[in-house]
Amino acid sequence: MIAIIDYGAGNLSSVKKALDYLGAESEITKDPQKIYCASHIILPGVGSFGDAMHSMEDRGLTGVVKDVAGKKPFLGICLGLQLLFEESEESPSVKGLGILDGKIRKIPKENGLKVPHMGWNSVNIKKSDGIFKGIDEDSYFYFVHSFYLEGAGDAVAATTQYGVDIECAVECGKLFATQFHPEKSGELGLKLLKNFIETEAE
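Residues numbered from 1 in each chain as written. Predicted model: local features only at pLDDT ≥ 70, side-chain atom pairs only at ≥ 80, totals over all residues. Heavy atoms only, no water.

Peer 1: Kindly report on the packing of aromatic side chains, identifying the contributing residues and their values.
Peer 2: Enumeration according to the criterion identifies six aromatic pairs in this entry. Taking 5.7 Å as the distance between ring centres and 65° as the angle between the ring planes, the aromatic pair formed by Trp-120 and Tyr-142 counts as edge-to-face. With Trp-120 in strand 7 (residues 117-122) and Tyr-142 in strand 9 (residues 140-145), this residue pair connects regions lying 22 residues apart in the sequence. Using a relative accessible area of 45% as the deciding quantity, one classes Trp-120 as partly exposed. Taking 4.3 Å as the distance between ring centres and 25° as the angle between the ring planes, the aromatic pair formed by Phe-141 and Phe-180 counts as stacked. Of this pair, Phe-141 sits in strand 9 while Phe-180 sits in the loop between strand 13 (175-178) and helix 6 (186-197); the two residues are 39 residues apart in sequence, bridging distant segments of the chain. The same class applies to Phe-141 as to Phe-180, namely buried. By the ring-pair criterion, three or more aromatic residues cluster together here, those being Phe-132, Phe-141, Phe-143 and Phe-180. (Phe/Tyr/Trp six-rings, centres within 6.5 Å; stacked < 30°, edge-to-face > 60°. Helix = DSSP H or I, 4+ residues; strand = E, 2+ residues; numbered from the N terminus. Buried < 20%, exposed > 50% of the residue type's maximum accessible area, 1.4 Å probe, protein only.)

In structure tokens:
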């Protein structure tokens, strides 16, 4: 069973709908015991970094996520990627989970670029044997975000370009995360989710 963590940040139903389409058993839950017992875990989310961290703490989920991330197949999506890191310029006084090294920066409004970045972008795949297995270089995925990751080092699995170089996916063992929304990225997004589902739990 795949646990979709409910910490009040939204975008849960579209993730579950995609998993249902793939025939994967999943449940939206904030129950720590169900999260611990799940074979795979997804941390989705849209919204504010600071609000999300406070909500996770209020629900007693911070320690749970730190316990399971990477010990079982774990996928962060959009805000769920950003929360895995140390801090975000969106909420300077709030500490992230700090599971991976890296910083979340504000996309600069330069050269007429619109922020938030919203739409389809091609990605440069750095690691092709995990969630990107069988996905071609320069494939397009759907983004909606105002902040981006930099400084994740060897964990970077893919990058894209939107005025700045964006580290748009990470992979470290069984820990994966994407800045883009695979559940909104058509057939290739479903392929990525299928690759995640097929990651062995043990």
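Here the narrative resumes, following the displayed structure.
Peer 1: If you had to explain the pattern of salt bridges to someone new, which residues and values would you point to?
Peer 2: What the rule picks out here adds up to eight salt bridges. A salt bridge links Asp-6 to Arg-59; the nearest nitrogen and oxygen atoms lie 3.6 Å apart. Of the two residues, Asp-6 is situated in the loop between strand 1 (2-5) and helix 1 (12-21) and Arg-59 in the loop between helix 3 (49-58) and helix 4 (62-68); the sequence distance between them amounts to 53 residues. By relative accessible area, which is 33% here, Arg-59 ends up partly exposed. Connected via shared salt-bridge partners are Glu-89, Arg-105 and Glu-150. (Salt bridge = Lys/Arg side-chain N within 4 Å of Asp/Glu carboxyl O.)

Peer 1: Tell me about the sheet that holds strand 10 (residues 147-150), and please be specific about residues and values.
Peer 2: Taking strand neighbours across the sheet as the criterion, the three strands line up as 5-6-10 in an open arrangement whose pairing is mixed. Every interior strand has two partners, whereas the edge strands, strand 5 (87-88) and strand 10, have only one. (Pairing = 2+ DSSP bridges.)

Peer 1: How would you summarise the environment of Asp-58 if you had to cite specific residues and measurements?
Peer 2: Mapping Asp-58 onto the fold places it in helix 3. For Asp-58, a relative accessible area of 70% gives the class exposed. A C-alpha to C-alpha distance of 8.9 Å links Asp-58 and Tyr-7, two positions 51 residues apart in sequence.

Peer 1: How would you summarise the nonpolar core if you had to cite specific residues and measurements?
Peer 2: Counting 35 residues, the largest nonpolar core has Ile-5, Tyr-7, Phe-74, Leu-83, Phe-85 and Val-170 as its most contacted members. Of all elements in the fold, only strand 1, strand 3 (40-43), helix 3, helix 4, helix 5 (79-82), strand 10 and strand 13 reach the threshold of two or more residues within this core. The element that contributes the greatest number of residues to this core is helix 3, accounting for four residues. Among the nonpolar cores identified, the runner-up in size contains 33 residues, and Val-123, Ile-135, Phe-143 and Ala-158 belong to it. (Core = buried A, V, L, I, M, F, W, Y, C linked by side-chain atoms within 4.5 Å.)

Peer 1: Account for the sheet that holds strand 13, with residues named and values stated.
Peer 2: Read across the open sheet, the eight strands follow the order 2-1-3-4-13-12-11-8; overall the sheet is mixed. The strands lining the two open edges of the sheet, one partner per strand, are strand 2 (26-29) and strand 8 (124-125). Here strand 11 (residues 156-161) runs beside strand 12 (residues 165-172); their pairing, made up of five bridges, is antiparallel. Across the sheet, Thr-159 pairs through a bridge with Glu-167, a residue of strand 12. Set on the sheet, helix 6 makes contact with strand 1, strand 3, strand 4 (74-77) and strand 13; between it and strand 3 the angle comes to about 140°. (Contact = heavy atoms within 4.5 Å. Axes fitted to C-alpha atoms, helices over the stretch in contact; angles between N-to-C directions.)

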